[in-house]
Amino acid sequence: QVQLLESGGGLVQAGGSLRLSCAASGTILKLNAMGWYRRAPGKQRGLVATITSGGSTNYADSVKGRFTISRDNAKNTVYLQMNSLKPEDTGAYYCNAYGLTHTLVDFNSWGQGTQVTVSS
């Protein structure tokens, strides 16, 4: 079983910055892509950014140039640095990771979510 623990959400004024962290733990043999998704109020959960084990990144158009995703493979941790935050960035941010356990079972795990609120 693989667990994801997120941290770093909070309340910030527009133009400010926050850094989210997500640490994966459990019987992980191989951790493939990790990513962040956002559920804005009244909307479905959508992609924010993803990063592969080799470091290739992908971003939603709305966050390009403002958010940076990175990972520490030794710590099984992914980060999301969010700069120049806007009120429309408000939402619950969820960490996602998929890979292979020590028992050679594929996993696709989600964190419990961390709230980000950007005030205008």
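This text goes with the structure placed above it.
Fair warning: this is a prediction, and the values are worked out from it, not measured in the lab.

S.K.: For this particular structure, what's the right way to read the environment of Val105?
M.R.: With respect to the helices, strands and loops of the structure, Val105 is situated in the loop between β9 (91-101) and β10 (106-110). Excluding its chain neighbours within four sequence positions, the residues that come into contact with Val105 are Gly99 and Leu100.

S.K.: I would appreciate a short explanation of the side chain of Glu6 in the present structure.
M.R.: Tracing the sequence through the fold places Glu6 in strand β1 (residues 2-7). It is Arg45 that comes nearest to the buried, bridge-free Glu6 among opposite-charge side chains, at 7.5 Å. A polar contact is formed between the side chain of Glu6 and the backbone nitrogen of Cys95, at a distance of 2.6 Å. A distance of 3.1 Å separates the side chain of Glu6 from the backbone nitrogen of Gln112, its partner in a polar contact. Those residues within four positions of Glu6 in sequence are excluded, and the remaining contacts are Ser21, Cys22, Trp36, Tyr93, Tyr94, Cys95, Gly111, Gln112, Gly113 and Thr114.

S.K.: Is there a simple way to explain the packing of aromatic side chains in this structure?
M.R.: In this description, a pair of aromatic rings is defined by centroid distance and the angle of the planes. Under the counting rule described, the total for this entry stands at one aromatic pair. Judged by centre distance (5.1 Å) and plane angle (65 degrees), the rings of Tyr37 and Trp110 are edge-to-face. A residue pair is termed long-range when its members are at least 10 positions apart, and Tyr37 in strand β4 (residues 28-39) and Trp110 in strand β10 qualify at 73 residues. Over the ring of Tyr94 we find Arg45, and its NZ or CZ is 4.9 Å from the ring centre.

Calculation criteria
Residues numbered from 1 in each chain as written. Predicted model: local features only at pLDDT ≥ 70, side-chain atom pairs only at ≥ 80, totals over all residues. Heavy atoms only, no water. Helix = DSSP H or I, 4+ residues; strand = E, 2+ residues; numbered from the N terminus. Contact = heavy atoms within 4.5 Å. Buried < 20%, exposed > 50% of the residue type's maximum accessible area, 1.4 Å probe, protein only. Lys, Arg positive; Asp, Glu negative; His and termini not counted. Salt bridge = Lys/Arg side-chain N within 4 Å of Asp/Glu carboxyl O. Polar contact = N/O pair within 3.5 Å; in protein donor to acceptor, adjacent residues only side chain to side chain. Phe/Tyr/Trp six-rings, centres within 6.5 Å; stacked < 30°, edge-to-face > 60°. Lys NZ or Arg CZ within 6 Å of the ring centre and 35° of its normal.

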